[in-house]
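# Chains, contacts and geometry: an overview
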Amino acid sequence: MARSELRPVITLRSTAGTGFTYVTRKNRRNDPDRIALRKFDPVAGRHVEFRESR
């Protein structure tokens, strides 16, 4: 399957300062701005906000 510019691969970096990251894809047409999701940070041991970094 060809990679598309409409659904780029993004990195979600923890705001807790642990350096933990998630890698996912997003639809640029639905979410043109940077996204922020609350996910589990295993280094911090709790749910924190992860923000898109480029």
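Summary of the structure given here. Everything numeric here is computed off the predicted structure, so don't read it as measured data.

As a further point, take the packing of aromatic side chains. All told, the structure shown has 3 aromatic pairs when counted by the stated rule. When the ring of F20 is compared with that of F50, the centres are 6.4 Å apart and the planes differ by 80°; the resulting orientation is edge-to-face. A residue pair is termed long-range when its members are at least 10 positions apart, and F20 in the loop between β1 (9-14) and β2 (21-25) and F50 in strand β4 (residues 46-53) qualify at 30 residues. What makes F50 buried here is its relative accessible area of 0%. Pairing Y22 with F50 gives two aromatic rings, centres 5.1 Å apart and planes at 65°, and the pair type is edge-to-face. In this pair, Y22 is assigned in strand β2 and F50 in strand β4, connecting sequence segments 28 residues apart. For Y22, a relative accessible area of 25% gives the class partly exposed. Members of the aromatic cluster, each reached through a chain of ring pairs, are F20, Y22 and F50.

About the thresholds
- Residues numbered from 1 in each chain as written.
- Predicted model: local features only at pLDDT ≥ 70, side-chain atom pairs only at ≥ 80, totals over all residues.
- Heavy atoms only, no water.
- Phe/Tyr/Trp six-rings, centres within 6.5 Å; stacked < 30°, edge-to-face > 60°.
- Helix = DSSP H or I, 4+ residues; strand = E, 2+ residues; numbered from the N terminus.
- Buried < 20%, exposed > 50% of the residue type's maximum accessible area, 1.4 Å probe, protein only.

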